Amino acid sequence: MIEIKNLTKKFNRFTALQNVQLQFNTGNAIALIGPNGCGKTTLIKCILGLNVVEEGQIFVKGENINDSYQYRKSIGYMPQIGRYPENLSIEQTINMVKDARNTKEHNYDYELLESFELEKLYQKKMRTLSGGTTQKVSAVLAFLFNPDIIILDEPTAGLDPLAAEILKQKIIKEKNKGKLILITSHLLSELDEILTEVVFMNEGKVLVHQSAQDLKTQTGKDKISEGIISILKTIQ
Ligand SMILES: Nc1ncnc2c1ncn2[C@@H]1O[C@H](COP(=O)(O)OP(=O)(O)OP(=O)(O)O)[C@@H](O)[C@H]1O
């Protein structure tokens, strides 16, 4: 569903991604793991078209992303830090994003909106929201259009434990429907129930891409999070 071929991303002379080759298939939840600054967000932004891809190619559902913007409709994105017009209410923000999609009829997914009980806060202005509530709005928007691919950058950072659990269960539910989930997180214990594959990155390179089961077998650990720690110790 997503294929990345020979992707190199430079910011002036700095190489943030080097010859990245990856393939992600439907029905999987994949964690991008690696130390701060290793290139996780840069990779996500390349897939989203927010970073220009000059060297290498990215295909989403078989289409080269440089050929059309339409592929973005297949992707829901929850950024690390969501930035919204300060003076809009939560309701106006959600309506603005719906309008921007320009689709009259849509099979909207309001499940997270309801679970987070955000309708109670509908009239609050975005600038007055706590960091965690802003994250909830970002999560709602990522799932709202029922996308086939959901990309979550540090999704549970700042969420309270109940909200983090609600989001985790939602991720599992959507993965089980056959969607592709890409997730970056430093909170490894939260990933245990979710993941089917793990990608380890360091200094802009992919070091390992393996299934969660292989990771557990290879490291001799019962939990994915413990297996990830074992691998991280060897690469840091
Ligand atoms: N727009 C940019 N201009 C210049 N350098 C950038 C830009 N975006 C990212 N970088 C650099 O690319 C490297 C990778 O950054 P990136 O945000 O992808 O890391 P990350 O793995 O997501 O880190 P973290 O775990 O801290 O979120 C960093 O050294 C960063 O400073």
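Procedures and definitions
Residues numbered from 1 in each chain as written. Predicted model: local features only at pLDDT ≥ 70, side-chain atom pairs only at ≥ 80, totals over all residues. Heavy atoms only, no water. Pairing = 2+ DSSP bridges. Helix = DSSP H or I, 4+ residues; strand = E, 2+ residues; numbered from the N terminus. Near = heavy atom within 4 Å. Polar contact = N/O pair within 3.5 Å; in protein donor to acceptor, adjacent residues only side chain to side chain. Areas by Shrake-Rupley, 256 points an atom, 1.4 Å probe, with all protein chains shown as cover. Expected span 1.5 Å × (residues − 1). Buried < 20%, exposed > 50% of the residue type's maximum accessible area, 1.4 Å probe, protein only. Contact = heavy atoms within 4.5 Å. Axes fitted to C-alpha atoms, helices over the stretch in contact; angles between N-to-C directions. Parallel < 35°, antiparallel > 145°, perpendicular 65-115°, else oblique. Left-handed = near helix turned anticlockwise from the far one by under 90°. Nonpolar A, V, L, I, M, F, W, Y, C, P; charged D, E, K, R; others polar. Core = buried A, V, L, I, M, F, W, Y, C linked by side-chain atoms within 4.5 Å. Phe/Tyr/Trp six-rings, centres within 6.5 Å; stacked < 30°, edge-to-face > 60°.

Naming follows an unreviewed UniProt entry, where the chain appears as ABC transporter ATP-binding protein of Planobacterium oryzisoli.

K.L.:
Please explain the pairing of strand β1 (residues 2–11) as it appears in this structure.
P.N.:
Remember that side chains alternate between the two faces of the sheet whenever the strand is regular. Two elements, β1 and strand β2 (residues 14–24), share 7 bridges in a ladder whose sense is antiparallel. If you follow I2 over to β2, its bridge partner there is F24. Bridge count between β1 and strand β4 (residues 55–60): 5 bridges; the pairing is antiparallel. Residue pairing in the sheet places I2 in a bridge with V60 of β4.

K.L.:
What is the right way to read the site of the ligand from this model?
P.N.:
Neighbouring the ligand are 13 residues; N36, G37, K40, T41 and T42 lie closest to it. Between the ligand and the protein, one listed contact pairs an oxygen atom with a side-chain N or O atom of T41 at 2.8 Å. Contact with the protein chains covers 60% of the free accessible surface of the ligand, which is 640 Å². Per element, the largest residue contribution to the shell around the ligand is 3 residues, and it comes from helix α1 (residues 40–48).

K.L.:
Hey, could you run me through helix α5 (residues 161–176) in this one?
P.N.:
Counting along an α-helix, one turn takes 3.6 residues, and residues three or four places apart therefore face a common direction. Taking 1.5 Å of rise per residue, the 16 residues of α5 would be expected to cover 22 Å, and the 23 Å separating its terminal C-alpha atoms lies within 8% of that figure. Considered for burial, the residues of α5 that qualify are A163, A164, L167, K168, K170, I171, I172, E174 and K175. Considering only its buried residues, α5 is in contact with β3 (29–33), β6 (75–78), α3 (111–115), α4 (131–144), β7 (149–153) and β8 (180–184). Where α5 starts, the residue carrying a side-chain oxygen 3.1 Å from the main-chain nitrogen of L162 turns out to be D160. Following α5 by one or two positions, G178 has its phi on the positive side, about 105 degrees.

K.L.:
It is not clear to me how the sheet that holds β2 should be interpreted in this structure. Could you clarify?
P.N.:
Spatially, the 4 strands line up as an open sheet ordered β2-β1-β4-β5, and their pairing is antiparallel. Unpaired on one side and paired on the other, β2 and β5 (63–64) mark the two borders of the sheet. Sheet strands touched by α1: β1, β2 and β4. Its angle to β1, the strand with the most contacts, is close to 115 degrees.

K.L.:
Sorry, what's going on with the packing of helix α2 (residues 90–101) against α4 here?
P.N.:
Packed helices, taken two at a time, are described by the angle between their axes plus the distance between the axes. Packing of α2 against α4 leaves a shortest axis separation of 11 Å and a crossing angle of 25 degrees. If you check the angle between α2 and α4, you find them roughly parallel. By crossing handedness, the relation of α2 to α4 is classed as right-handed. On α4, the residues that touch I90, I94, V97 and K98 of α2 are V137, V140, L141 and L144. Considering only residue class, the contact of α2 with α4 consists of 7 nonpolar, no polar and 1 charged.

K.L.:
Can you walk me through the nonpolar core in this structure?
P.N.:
Proteins that are soluble and globular tend to have nonpolar side chains buried together. Core analysis: the largest hydrophobic core is formed by 44 residues, its most contacted members being I33, L152, L167 and I228. For this core, the leading source of residues is α4, giving 7 residues. Contact partners of I228, with chain neighbours within four places excluded, come to I33, L188, L195, V198, F200 and L215. Of all hydrophobic cores here, the second largest spans 27 residues; its members include I4, L7, V60 and I149.

K.L.:
Quick question: what am I supposed to make of the environment of N87 here?
P.N.:
Along the polypeptide, N87 turns up in the loop between β6 and α2. Apart from residues no more than four positions distant in its own chain, N87 is found in contact with Q92, K125 and R127.

K.L.:
Mind showing me how you'd approach the packing of aromatic side chains here?
P.N.:
Each aromatic ring pair is specified by the distance between its two centres and by the angle formed by the two planes. Evaluated as defined, the whole model comprises 2 aromatic pairs. Centroid distance Y108 to Y110: 5.8 Å. Interplanar angle 45 degrees. Geometry classified as tilted. With a relative accessible area of 28%, Y110 lands in the partly exposed category. Considering the side-chain rings of Y108 and F145, the 5.9 Å spacing of their centres and the 65 degrees angle between planes classify their relative orientation as edge-to-face. Here Y108 is found in the loop between α2 and α3, whereas its partner F145 is found in the loop between α4 and β7, with 37 residues between them in sequence. Here F145 falls in the buried class, since its relative accessible area comes to 5%. Among the aromatic residues, ring-to-ring pairing joins Y108, Y110 and F145 into one connected group.

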